[in-house]
Amino acid sequence: MRYLDRRAFLRAGLAVAGAGLLGECAPNPEIPAGLVLPTDPRVAAVEAGRHATGVVSSHRISAEVAEVDLGGPRVTTWTYGGVLPGAEIRVRAGDTVQADVSSRLPVDTTVHWHGLAIRNDMDGAHAITRNAISPGGVFQYRFIAATPGTHWFHPHVGTQLDRGLYAPLIVEDPGEPGDYDQDWTVVLDDWVDGTGTDPEAVLARLRARRGGMGGMGGMGGSSLGGAVAYPYYLINGRVPAAPVTFTGRPGQRARIRLINAGSDTAFRVALGGGRLRITHTDGMPVRPVDADALVIGMGERYDVLTTLGDGVFPLVALAEGKDAIALALIRTGGGSPPPSSVRPGELAGDVAGYRDLVAAEAVRLPARTPDIEQVIDLTGGMMNYDWGINGQAFDPARRLGVHEGQRVRLTFRNRTMTWHPMHLHGHTFQLDAGPRKDTVIVLPGQTIGCDLNADNPGQWMLHCHNTYHAETGMATILGYRT
Ligand code: C2O
Ligand code: CU
């Protein structure tokens, strides 16, 4: 019910904004005073200071209901442009992205550009920026894509992300050597929509468990399990029986850009017959690390390099704790493909974790004494489905305050029995002695510290990237104060 309440509130907020345009300025009691709002001149001023190439990359994106073939199963779902994933946007750092997004969905939607330090009024966070696209409507997003790396975009309303509304956004870094022959984007997803149920029904079922048997957080003996058993796990919109195939030549080097667009699934990714050299996480370079496998939470990205062998190789994403896989194939020569249930031994090899990753010099945040610390306790549980931050469900009236120019220390403390991939909009943070990221997995009982520079004024969502946790309350706002 909170969802409906919030939407009703947002409609009221829009009505107030409309009245404001006519000259009657009614204060909105839900928005505390003294904040740098998305409309603040500081937001435009910071955008004007970003390095810009002057190149404008224009896109038309249509959010629409479509029937999609998952490689056997056909589902009716919500898509960008009728395809799954939506068409990749690829620009160079400093280019201006201009995206005219039209909606033929039955409800309001937004587009959030995950991973970009973007101007706040283009962030597409429904609860804050309030430029929702209504059914039949259109909105033009226009912003400088200043943050190189593997990013993506998706809606920020309700459970829409768990339908088919997602697509890659690659920002190329002209300063990067690029020592590879192939550049492949691999989008992972857990799929339920159009299979006789949909994400709203999943959410209703999760809530209905209230008071029932709990303890679903660590299913399958994995600390990274989820609560939703999805019928399908997809790579680039395909089930394992009909996988997408990447082709190259033996000896070539391939850069693989992994994006987890799932809603309730961590994937363990490995390449049968190959090693992975991790070069980036969340778009940010790390000192290269070789591994057999890596784990990627919802919202995270990893870039890996691999040298291609001769034959057909399975790229497998094991759904942690769920006993199912997503699959793609890499073909460089003859041979028959592996069975669609293939579990390469590399999955059980050495799995890289944050402890192995260190930010590359060029992006390491220099040490500095924090001006302010925000402690973010992750709270709630499966039992009551009462996810929250600091013991409280999302409330737009509540902010974690910062001031522009501050060094901010964020301390995540997971007080729950479940893991949470925590994502901050508009910034990247430096994990203590680790990589620089925008989404970090916090395991049950774990405390993780990280630092960021408050250099992008506005109001920014900070939330769990489990769609169902976020929608039921594990979200807050990092809010710049005037
Ligand atoms: Cu990828 Cu707030 O989201
Ligand atoms: Cu969570």
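## Let's talk about the coordination of the copper ion (ligand 2)
Next up, step 1: For the copper ion (ligand 2), every protein donor is listed as His 420 (ND1), Cys 464 (SG) and His 469 (ND1), and the spread of their distances is 2.0 to 2.1 Å.
Next up, step 2: Counting the intervening residues between successive donors of the copper ion (ligand 2) yields the motif H-x43-C-x4-H. On the criterion of sequence distance, the pair formed by His 420 in strand E25 (residues 420-424) and His 469 in helix H5 (residues 467-471) is long-range, its members being 49 residues apart.

## Let's talk about the domain arrangement of the protein
Next up, step 1: Here the protein is described as being made up of domain 1 (15-21 + 363-480), domain 2 (50-172) and domain 3 (182-361).
Next up, step 2: For domain 2 versus domain 3, the separation of C-alpha centres amounts to 22 Å.
Next up, step 3: Facing the 28 residues of domain 2 at the interface are 33 residues of domain 3.
Next up, step 4: Of all residues in domain 2, Leu 70, Thr 150 and Asp 162 give up the largest surface area on contact with domain 3, accounting jointly for 27% of the area buried on that side.
Next up, step 5: Here domain 2 is connected to domain 3 by two salt bridges.
Next up, step 6: Linking domain 2 to domain 3 there are 15 residue pairs in polar contact (both at pLDDT 80 or more).
Next up, step 7: Those elements that place two or more of their residues in the side of domain 2 that touches domain 3 are strand E2 (74-80), strand E7 (149-154) and strand E8 (167-172).

## Some words on the sheet that holds strand E16 (residues 293-296)
Next up, step 1: What the six strands build is an open sheet, ordered E11-E19-E18-E13-E16-E20; its pairing is mixed. Among the strands making up the open sheet, the edge pair consists of strand E11 (245-247) and strand E20 (351-352).
Next up, step 2: In this structure, E16 lies alongside E20, joined through two bridges in parallel fashion. Bridge pairing in E20 places Ala 293 opposite Val 351.

## Considerations on the sheet that holds strand E28 (residues 439-442)
Two strands in a sheet stick together by hydrogen bonds in their backbones, pointing the same way (parallel) or opposite ways (antiparallel).
Next up, step 1: Ordered by their spatial adjacency, five strands build an open sheet running E23-E31-E30-E25-E28, and the pairing between neighbours is mixed. The open sheet is flanked by strand E23 (400-403) and E28, the only strands paired with a single partner. Pairwise comparison of adjacent strand axes, ignoring direction, gives a mean angle of 20° for this sheet.

## Details of the pattern of salt bridges
Where side chains of opposite charge bring their charged atoms close, a pairing between them can arise.
Next up, step 1: Inspection of the entire model under this criterion finds 34 salt bridges.
Next up, step 2: A salt bridge links Arg 119 to Asp 121, with the nearest nitrogen and oxygen atoms 2.7 Å apart.
Next up, step 3: When its relative accessible area of 18% is taken as the criterion, Arg 119 is described as buried.
Next up, step 4: Between Arg 355 and Asp 356 there is a salt bridge; the shortest N-O distance is 3.9 Å.
Next up, step 5: Note on Arg 355: relative accessible area 67%, which makes it exposed.
Next up, step 6: Classification of Asp 356 by relative accessible area gives partly exposed; the value is 32%.
Next up, step 7: Bridged by salt links that share partners, the residues Glu 88, Arg 90, Glu 172, Glu 176, Asp 183, Arg 255, Arg 257 and Asp 303 form one connected network.

## Section: the environment of Thr 159
Next up, step 1: Residue placement: Thr 159 occurs in the loop between E7 and E8.
Next up, step 2: When the C-alpha atoms of Thr 159 and Glu 471 are compared, they prove to be 6.9 Å apart, with 312 residues separating the residues in sequence.
Next up, step 3: Aside from chain neighbours lying at most four places away, what touches Thr 159 is Pro 199, Glu 200, Leu 203, Thr 467, Tyr 468 and Glu 471.

## Observations regarding helix H4 (residues 199-208)
Next up, step 1: Among the residues making up H4, those that are buried are Pro 199, Val 202, Leu 203, Leu 206 and Arg 207. Around the axis of H4, the buried residues are gathered within 135° of arc, so they sit on the same side.
Next up, step 2: Where H4 begins, the capping side chain belongs to Asp 198, and its oxygen is found 2.9 Å from the backbone nitrogen of Glu 200.

## Looking at the pairing of E25
Put simply, side chains in a regular strand alternate between the two faces of the sheet.
Next up, step 1: Within E25, five of the five residues are buried, which leaves the element mostly enclosed by the surrounding structure.
Next up, step 2: Both faces of E25 are covered, namely the face carrying His 420, Met 422 and Leu 424 and the face carrying Pro 421 and His 423.
Next up, step 3: Inspection of the sheet shows E25 paired to E28 by four bridges, in the antiparallel sense. Across the sheet, residue His 420 finds its bridge partner in E28, namely Val 442.
Next up, step 4: Judged from the three bridges that link them, E25 and strand E30 (residues 459-464) form a sheet pairing that is antiparallel.

## What about unusual backbone geometry?
The bulk of non-glycine residues show a negative phi, and the bulk of peptide bonds are trans.
Next up, step 1: Cis geometry is found at the peptide bond from Leu 84 to Pro 85, where omega equals -10°.
Next up, step 2: Along the chain, Pro 85 turns up in the loop between E2 and strand E3 (89-92).
Next up, step 3: One non-glycine residue, Asp 323, lies in positive phi territory at about 55°.
Next up, step 4: The topology assignment puts Asp 323 in the loop between strand E18 (312-319) and strand E19 (324-331).
Next up, step 5: You can call Asp 323 exposed: its relative accessible area is 63%.
Next up, step 6: Phi at Tyr 385 is positive, roughly 45°, even though this residue is not glycine.
Next up, step 7: Checked against the element boundaries, Tyr 385 lands in the loop between strand E21 (372-379) and strand E22 (388-389).
Next up, step 8: Residue classification places Tyr 385 among the buried positions, given a relative accessible area of 3%.

## Some remarks on helix H2 (residues 41-48)
Next up, step 1: When H2 is considered as a whole, its buried residues turn out to be Val 43, Val 46 and Glu 47. Seen along its axis, H2 keeps its buried residues to an arc of 100°; they face one direction. More than 90 degrees from the buried face of H2, the exposed residues found are Pro 41 and Ala 48.
Next up, step 2: Put simply, Asp 40 is the residue that caps the front of H2, since its side-chain oxygen is 2.8 Å from the backbone nitrogen of Arg 42.

## Observations regarding the side chain of Asp 438
Next up, step 1: Assignment of secondary structure puts Asp 438 in the loop between strand E27 (436-437) and E28.
Next up, step 2: The exposure class assigned to Asp 438 is buried, which follows from its relative accessible area of 0%.
Next up, step 3: Side chain to side chain, Asp 438 and Thr 439 meet in a polar contact 2.7 Å long.
Next up, step 4: Excluding anything up to four places from it in sequence, Asp 438 contacts His 114, Gly 115, Asp 282, Arg 301, Met 422, His 423, Leu 424, His 427, Thr 428 and Phe 429.

Rules and cut-offs
- Residues numbered from 1 in each chain as written.
- Chains lettered and ligands numbered in written order.
- Predicted model: local features only at pLDDT ≥ 70, side-chain atom pairs only at ≥ 80, totals over all residues.
- Heavy atoms only, no water.
- Donors = N, O, S within 2.8 Å, 3.2 Å for Na, K, Ca; no water.
- Helix = DSSP H or I, 4+ residues; strand = E, 2+ residues; numbered from the N terminus.
- Domains from an automatic or database assignment.
- Contact = heavy atoms within 4.5 Å.
- Buried area = accessible area lost by both parts, 1.4 Å probe.
- Salt bridge = Lys/Arg side-chain N within 4 Å of Asp/Glu carboxyl O.
- Polar contact = N/O pair within 3.5 Å; in protein donor to acceptor, adjacent residues only side chain to side chain.
- Pairing = 2+ DSSP bridges.
- Axes fitted to C-alpha atoms, helices over the stretch in contact; angles between N-to-C directions.
- Buried < 20%, exposed > 50% of the residue type's maximum accessible area, 1.4 Å probe, protein only.
- Arc of directions from axis to C-beta.

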